[in-house]
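Residues per chain, in single letters:
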Amino acid sequence: MVEDHNENSVTRREFLRRAAAGAALTAGAGLGLGLPAALAGDARPSAGMKYRVLGRTKLKVSELGLGTIKTNNPAVVRRALDLGVNYFDTAECYQGSKSEIKLGEGLKGRREEAVVATKWHTNGRTPAARLLKSLDKSLERLGMDHVDLIQIHGAGNVAQVNSDELWEAFTRAREAGKVRFNGVTTHGNQVEVIRAAIECGRYDAVLPSYNAMIGERVGRAVREAHEAGLGTIIMKALQPAHEGKAKRALAKFKGNAHQQAIRWVLDDPNVSTVIVDMPTFDELEEDVAAVTGAASRAEMEEFERGVAQIAGGACHLCGSCTGQCPRNVRVADIMRYSLYHDGYGDRARAVELYRALPAHGSAAPCRDCSECQVVCPWGVPIRSRLERAHVRLA
Ligand code: SF4
Ligand code: SF4
């Protein structure tokens with residue numbers, strides 16, 4: 001389905017503001033909360049860090065959370081705690097399972113200060129027993145007796161969201177005290193997945209990709225989730241800052257493009273927290289500065305105009321190309337892996353994911369295809385991007 005192309009217009013901010021004003025915000029959510037009285041852990045306040053409520057979990061989470069796809073230094077984790085970051089996201093597969101180990105090392109002795117989220121994989125039919133085993137292994141690596149949030153990793157369809165096996169696994173894990181809340185992460189068919197999570201009533205939080213390029217299309221679903229009482233955790237906030245053209249186009253704005261990209265997402269009051277991978281002390285300090293400093297309305301709108309300038313021909317991760325290729329090339333997935341490679345500089349992860357695609361899902365058939373039949377509403381030259389991705393990632 002072709003999506004609304006006007007999502008980057010400046011009226012989008014007004015749309016969100018009006019929507020948020022009309023909605024009853026989750027108690028305490030929104031900008032500028034002081035230190036929570038009922039933190040999951042009792043995170044210590046740090047200069048300027050702000051906290052929001054993670055939906056119906058009532059957990060108070062820092063506006064900036066630490067992602068750990070690349071972050072592997074326990075000292076950075078501890079520094080993040082010192083700076084007031086209390087939300088930590090990991091997954092059983094990040095860094096070949098080392099992410100959980102390193103995060104656990106960083107939080108050792110300070111577990112009560114943190115809200116910890118990890119993930120498990122289901123295709124919708126994955127047996128509950130296997131999911132529970134996966135959780136046990138995660139807890140072992142983390143060195144913890146429980147995590148606060150367990151999430152489906154990368155749900156792309158409604159069957160995964162509605163899985164009874166998963167619900168059974170979560171219920172049993174919660175009864176055993178191994179997990180407190182249930183969530184869904186998604187970067188494919190995001191709107192459909194978020195709405196399914198809202199409708200089925202089994203989830204406490206969603207974690208989609210959302211940023212100034214993706215815009216209102218996902219922003220609407222994020223608002224719906226927030227209004228339904230789900231926590232809204234955002235990933236890929238930095239995507240606009242990673243576009244090749246961004247450096248020049250966004251250079252004139254206050255701070256740097258990364259900081260603006262983070263502020264843009266947090267300008268949406270329907271967002272609970274933004275998770276960003278911050279492997280180094282410098283990146284951590286820079287991103288914390290982004291959320292502790294305020295951006296004016298005019299600056300945000302100027303940033304949106306800058307993003308609109310760089311958006312043409314760039315992948316918006318909209319997923320509209322999913323299922324379009326008659327030869328079953330997994331176009332949307334490959335575009336995302338290309339972002340990891342070209343934008344985030346994470347070649348290892350991009351290559352690992354690409355090589356894990358089923359043989360028929362790679363871009364190998366593109367070389368022999370007479371005419372690409374995939375239509376991108378954002379004008380991404382699909383065939384040339386796929387051919388390039390294959391050369392770099394195969
Ligand atoms: S290539 Fe185009 S259609 Fe596919 S995800 Fe990116 S923006 Fe959407
Ligand atoms: S070039 Fe051909 S094989 Fe490749 S994505 Fe387009 S339609 Fe599919």
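Here the residue index of a chain counts from 1 through its sequence in written order. Lettering of chains starts at A and numbering of ligands starts at 1, both following the order in which they are written. Local features in this predicted model are restricted to residues whose pLDDT is 70 or higher, and side-chain atom pairs enter the listing and the counts only when it is 80 or higher, whereas totals over whole chains, interfaces and linings include all residues.

This part takes up the overall build of the chain. We count a stretch as a helix when DSSP gives it H or I for four or more residues in a row; a strand needs E for two or more, and each element gets its number in order from the N terminus. Counting its regular elements, the chain contains 16 helices and ten strands. We call a residue exposed when 12 or fewer other C-beta atoms sit within 10 Å of its C-beta, buried when the count reaches 20 or more, and partly exposed for counts in between; the C-beta positions come from the backbone. Classification of the 394 residues of the chain by burial places 51% in the buried group.

Inspection of the region around ligand 1 gives 13 residues, with Cys315, Cys318, Ser320, Cys321 and Cys376 positioned closest. In terms of residue class, the shell around ligand 1 is made up of ten nonpolar, three polar and no charged. We call a residue near a molecule or strand when the C-beta position, derived from backbone atoms, sits within 6 Å of it. Throughout this entry, Asp, Glu, Lys and Arg are counted as charged residues, while Ala, Val, Leu, Ile, Met, Phe, Trp, Tyr, Cys and Pro are counted as nonpolar. The remaining residues, Gly among them, count as polar.

Neighbouring ligand 2 are 13 residues; Cys325, Val329, Cys366, Cys369 and Cys372 lie closest to it. When residues of the shell around ligand 2 are assigned to their parent elements, the largest contribution, three residues, is made by helix α16 (residues 382–393). Residue composition of the shell around ligand 2, by class: ten nonpolar, one polar and two charged.

Now for the nonpolar core. Note on terminology: a nonpolar core is a set of buried residues of type Ala, Val, Leu, Ile, Met, Phe, Trp, Tyr or Cys, with members joined through C-beta atoms within 7 Å. Counting 108 residues, the largest nonpolar core has Ala197, Val274 and Val331 as its most contacted members. Of the residues that make up this core, three or more belong to each of domain 1 (11–307) and domain 2 (331–393). Residue ranges labeled as domains rest on an automatic or database domain assignment.

This part takes up the pairing of strand β6 (residues 147–152). Counting buried residues in β6 gives six out of six residues, a clear majority hidden from the surface. For two strands to pair, DSSP has to find at least two bridges joining them. Sheet analysis places strand β5 (residues 115–120) next to β6, joined by four bridges and oriented parallel. Residue pairing for β6: Trp120 is matched across the bridge by Ile152. Handedness of the β-α-β unit built from β5, helix α4 (residues 128–142) and β6 comes out right-handed. Crossover handedness is defined by viewing with both strands directed away from the observer: a clockwise path from the first strand over the helix to the second marks the crossover as right-handed.

Another aspect to go through is helix α14 (residues 331–343). Any helix carries an expected span of 1.5 Å times its number of residues minus one. For α14, spanning 13 residues, the distance from its first C-alpha to its last is 17 Å, which sits close to the expected 18 Å at 1.5 Å a residue. Placing C-beta atoms from the backbone, we regard two residues as in contact once those atoms come within 7 Å. Where α14 is buried, its residues touch α9 (239–242), α15 (347–355) and α16. Downstream of α14 by one or two residues, Gly345 has phi in the positive range, about 65°.

We now examine the packing of α14 against α16. Remark: α14 packs on α16, axes separated minimally by 10 Å, with the N-to-C direction vectors making an angle of 60°. In terms of orientation, α14 lies oblique with respect to α16. Judged by the twist between their axes, the crossing of α14 over α16 is left-handed. Facing Val331, Ile334, Met335, Tyr337, Ser338 and His341 of α14, the residues of α16 in contact are Ile382, Arg385, Leu386, Ala389, Arg392 and Leu393. For the contact of α14 with α16, the per-class residue count stands at eight nonpolar, two polar and two charged. Convention adopted: a line fitted to C-alpha atoms gives each axis, helices being fitted over their contacting stretch, and angles between N-to-C directions are expressed from 0 to 180 degrees. Throughout, the term roughly parallel applies to angles under 35 degrees, roughly antiparallel to angles over 145, roughly perpendicular to angles from 65 to 115, and oblique to all others. Note: crossing handedness is left-handed where the near helix turns anticlockwise from the far helix by less than a right angle, and right-handed where it turns clockwise.

Let us look at unusual backbone geometry. Despite not being glycine, Ser97 shows a phi value in the positive range, around 80°. Among the structural elements, Ser97 can be located in the loop between β4 (87–89) and α3 (98–107). Located in the positive-phi region is Asn328, a residue other than glycine, with phi close to 65°. Looking at the element boundaries, Asn328 is found in the loop between α13 (297–311) and α14. Asn328 gets classed as exposed once you count the C-beta atoms within 10 Å, which come to 12.

Now for the confidence of the model for the chain. Predicted coordinates in regions of low pLDDT should not be interpreted in detail. Confidence of the predictor at the level of single residues is captured by pLDDT, which takes values from 0 to 100. Across the chain, the average pLDDT comes to 85, with 85% of residues at 70 or higher. Low pLDDT (under 50) marks residues 1–45, which in the prediction has 82 contacts with non-local residues, meaning those over four places away or in another chain.

This part covers the pairing of strand β9 (residues 231–234). Across the two faces of β9 the burial is the same, with Gly231 and Ile233 and Thr232 and Ile234 all buried. Assessed by its sense of winding, the connection that carries the chain from strand β8 (residues 205–208) through helix α8 (residues 216–227) to β9 is right-handed. Here β9 runs beside strand β10 (residues 273–277); their pairing, made up of two bridges, is parallel. Residue pairing for β10: Ile234 is matched across the bridge by Val274.

Ordered in space as β3-β4-β5-β6-β7-β8-β9-β10, the eight strands form a closed barrel in which the pairing is parallel. When the angles between neighbouring strand axes are averaged without regard to direction, this sheet yields 30°.

On to α8. Given 3.6 residues per helical turn, the α-helix brings residues three or four places apart onto the same face. In this model, α8 (twelve residues) spans 16 Å end to end at C-alpha, consistent with the 16 Å of a helix rising 1.5 Å per residue. The buried fraction of α8 amounts to ten of the twelve residues, a majority that puts the element mostly inside the structure. Of the positions making up α8, those classed as buried are Glu216, Arg217, Val218, Gly219, Ala221, Val222, Arg223, Glu224, Ala225 and His226. Looking one or two residues beyond α8, the residue adopting positive phi is Gly229, at roughly 95°.

Next up on the list: the packing of helix α2 (residues 74–82) against α3. Relative to each other, α2 and α3 sit at 50°, their axes nearing to 8 Å. As summarised for this structure, α2 and α3 are arranged oblique, according to the angle between their axes. Where α2 crosses over α3, the handedness of that crossing is right-handed. Residue-level inspection shows Pro74, Val77 and Arg78 of α2 in contact with α3, the latter providing Lys102, Leu103, Glu105, Gly106 and Leu107.

Take the environment of Leu81 next. Structurally, Leu81 is set in helix α2. Classification of Leu81 as buried rests on a count of 21 C-beta atoms within 10 Å. Along the primary structure Leu81 and Arg110 are separated by 29 residues, whereas in three dimensions their C-alpha atoms are 8.6 Å apart.

With respect to the helices, strands and loops of the structure, Tyr344 is situated in the loop between α14 and α15. Classification of Tyr344 by C-beta neighbours within 10 Å gives partly exposed; the count is 17. Each residue touching Tyr344, except ones within four places of it in the same chain, is listed here: His242 and Leu339.

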